2 protein chains.
Amino acid sequence: MTQTQRRILLARRPEGAPVPEDFRMDEQPVPAPAEGEVLVRTLWLSLDPYMRGRMSDAASYAKATRIGEPMTAECVGEVVESRAEGLAKGDFVVGRGGWQSHFVLPGKDLRKLDPEAAPLSTALGVLGMPGHTAYAGLLAIGQPKAGETVVIGAASGAVGAVAGQIAKIKGCRVVGIAGGAEKCRYVTDELGFDACLDRKEPDLAGRLKEACPDGVDIYVELTGGPVTDAVLPLLNFFARIPVIGTIASYNATAAAEGTDRLPWLLRQTLVKRLTIKGMIVTDYAHMAGDFRRDVAGWIREGRFKYREDVVDGLENAPEAFIGLLEGRNFGKLLVRVARES
Amino acid sequence: MTQTQRRILLARRPEGAPVPEDFRMDEQPVPAPAEGEVLVRTLWLSLDPYMRGRMSDAASYAKATRIGEPMTAECVGEVVESRAEGLAKGDFVVGRGGWQSHFVLPGKDLRKLDPEAAPLSTALGVLGMPGHTAYAGLLAIGQPKAGETVVIGAASGAVGAVAGQIAKIKGCRVVGIAGGAEKCRYVTDELGFDACLDRKEPDLAGRLKEACPDGVDIYVELTGGPVTDAVLPLLNFFARIPVIGTIASYNATAAAEGTDRLPWLLRQTLVKRLTIKGMIVTDYAHMAGDFRRDVAGWIREGRFKYREDVVDGLENAPEAFIGLLEGRNFGKLLVRVARES
């Protein structure tokens, strides 16, 4: 057993985009599990945009990480020592371990994984929290019907790729938006979206309008910013907008100047009878079973693809996370903290 | 039978607030009903904010009124001649007659009224389209639970008064906002709201915060503008906003300059998991029976009040409508076009 626990702590609250100095690595002896707890060695660490919110102390749906505390994250790991029923040394588990090489959690907060059923890392992506988010947002709020048009910002990302593929399975026309030609090619050629637009090319609004000749029935809001600006005028009557993320705004330090479009949006909401609904995955815990059954089935049937962007070494998590907020990742961003023993 | 049909036509499209010159009265011989149709003499004409939308040719949920056509409206009237099954001379009916002294409609587009069950005029207010709108918006979208806080803009108006009283019956704390001390007194003393704030007094935001110590769970959006601005920061997690009207914006000719709060609203929607949903009453036609049964019952039990603001004479409809958009009415605004024979 490694005797040292490496951790990445929040060193200070970022102003705007996080920089490496906002994080600090430390080492301490590996903690021991109390009765009912489990010591886990981290194998995979998930990096997700929501973590930016935890770095700020603005009111949000979860408490802010305190200065000097480890950054929070979902992790996949291997049980080193178990004092909890149902878990034994060598088991693989997923849980909220944080940016740490080892973590201790109550057994009840860990979910055991079957390494034969799917690659372990998928428990953090396509079969984990991002996949569950996409599944719940698209199905419970979006309620896709065959023939409808669905637009997905951040289409090659962990949530967008899942949402779009489910929408395709439900018979929708799916138009993605992604950053760069390579990602767009992946979205259409691999994920099977009907079209994908590069948000870095000019006139996104005009190209999107052309790609959605029948308007937009569901907009899966993952980005905010210029993508949202391009989609909103195209919404059809009774369109639904699951608001899952607004990554373009996470690093914003001031509100945008210019025309105040809030009254316009409310007016559009009335006239078009839009449904705009925010969600986080824990609101839809009751759908977890259905989600894992459906998506695992689609993967087995070869109807569903996923892509992982793997960074090696816990010490590289801050840089990878900074890149995530800039859209530098390509697929679900993971840190490989250690290899299976 | 009167031989002359008086009509108020849309003379031109208003720019900003409508003025009397945007309307034109004309006279023509009373039309004759064809097979299946009914000729009705208008007794009561309903004036409602949504009519402002019909005067413009911007895309909306209904077609614009064409220049030279009668303004549209719900009317209560008395059957003069019936060529439709189930309706006879002397019957009282409600239907979309328009701003006219007489109108002809297919029998199937009229609903027969029982003059013994309730005053005829209530079929245009508390037991009509505004009441139905309030009932559906509050119950289907707002989903009030006992102990929650509900804020209602335009609280003394036709929709707001009904929504607030239903919320009280459902056990909510109900805070209204109205224009002027007299309306506010009516809202608390007669309608039984827990509080009512005068939107014309300073620091609406501060006073509203004080009146909603536990935040706001449901905001019935009828106004837009400064009332909305005051409510939005107070919304609780999982708050619901039925968007029913945005009267403050109906006469707007340009968007507001300043900070663009659209990204902020989307971020709030995510963080607080808000539900913002637009509605018009025809989306909830399936609730009409429940609505009339419940509200008529509450009125009979003395648990429910309503107030009408009656203007005499079809020729005074334009001026009354202009006043409605400025909040000059006090209660459901009706034009008495003729008296029962």
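All values reported here derive from a predicted model rather than from experimental measurement.

Novice: Any chance you could break down the packing of aromatic side chains for me, citing the residues and the numbers?
Specialist: Residues and elements named next belong to chain B. Following the criterion strictly, the structure yields twelve aromatic pairs over all chains and no others. For the pair Tyr-186 and Phe-330, a centre-to-centre distance of 5.3 Å together with 85° between the ring planes defines the contact as edge-to-face. Remark: Phe-330 occurs in the loop between helix H10 (317–325) and strand S16 (332–336) and Tyr-186 occurs in helix H4 (residues 181–190); sequence separation between them is 144 residues. By the burial criterion, Tyr-186 is buried, and Phe-330 matches it.

Novice: Break down the interface of chain B and chain A for me, with residues and values.
Specialist: Size of an interface: often given as the accessible area lost when the parts come together. On the side of chain A, 40 residues touch chain B, which itself brings 40 residues to the contact. Looking at the side of chain B facing chain A, the largest losses of area belong to B:Leu262, B:Leu266 and B:Leu270, adding up to 19% of the total buried there. The interface formed by chain B and chain A holds four salt bridges in total. Across the pair A:Asp283 and B:Arg273 runs a salt bridge, and its minimum N-O distance is 2.7 Å. Between the two partners, chain B and chain A, sit nine residue pairs in polar contact (both at pLDDT 80 or more). Looking at the side of chain B that touches chain A, the elements that each hand over two or more residues are strand S12 (235–243), helix H7 (247–250), strand S13 (256–260), helix H8 (262–271) and strand S14 (275–278) of chain B. Sort the elements by how many residues they give to the side of chain B that touches chain A and H8(B) lands first, with nine residues. Looking at side-chain class alone, the side of chain B that touches chain A contains 21 nonpolar, eleven polar and eight charged residues. Taken together, the three bridges between strand S14 (residues 275–278) of chain A and S14(B) define a ladder with antiparallel strand orientation. Bridge pairing in S14(B) places A:Thr275 opposite B:Lys277.

Novice: I'd like a description of helix H9 (residues 288–300) of chain B, backed by residues and values.
Specialist: Residues and elements named next belong to chain B. Compared with an ideal rise of 1.5 Å per residue, which puts 13 residues at 18 Å, H9 spans 18 Å between its outermost C-alpha atoms and is within 8% of the ideal. Ala-288, Phe-291, Val-295, Gly-297 and Trp-298 are the residues of H9 that are buried. Next to the buried residues of H9 lie helix H2 (129–142) and helix H3 (158–169). Downstream of H9 by a residue or two, Gly-302 has a phi angle that is positive, lying close to 75°.

Cut-offs applied
Residues numbered from 1 in each chain as written. Chains lettered and ligands numbered in written order. Predicted model: local features only at pLDDT ≥ 70, side-chain atom pairs only at ≥ 80, totals over all residues. Heavy atoms only, no water. Phe/Tyr/Trp six-rings, centres within 6.5 Å; stacked < 30°, edge-to-face > 60°. Helix = DSSP H or I, 4+ residues; strand = E, 2+ residues; numbered from the N terminus. Buried < 20%, exposed > 50% of the residue type's maximum accessible area, 1.4 Å probe, protein only. Contact = heavy atoms within 4.5 Å. Buried area = accessible area lost by both parts, 1.4 Å probe. Salt bridge = Lys/Arg side-chain N within 4 Å of Asp/Glu carboxyl O. Polar contact = N/O pair within 3.5 Å; in protein donor to acceptor, adjacent residues only side chain to side chain. Nonpolar A, V, L, I, M, F, W, Y, C, P; charged D, E, K, R; others polar. Pairing = 2+ DSSP bridges. Expected span 1.5 Å × (residues − 1).

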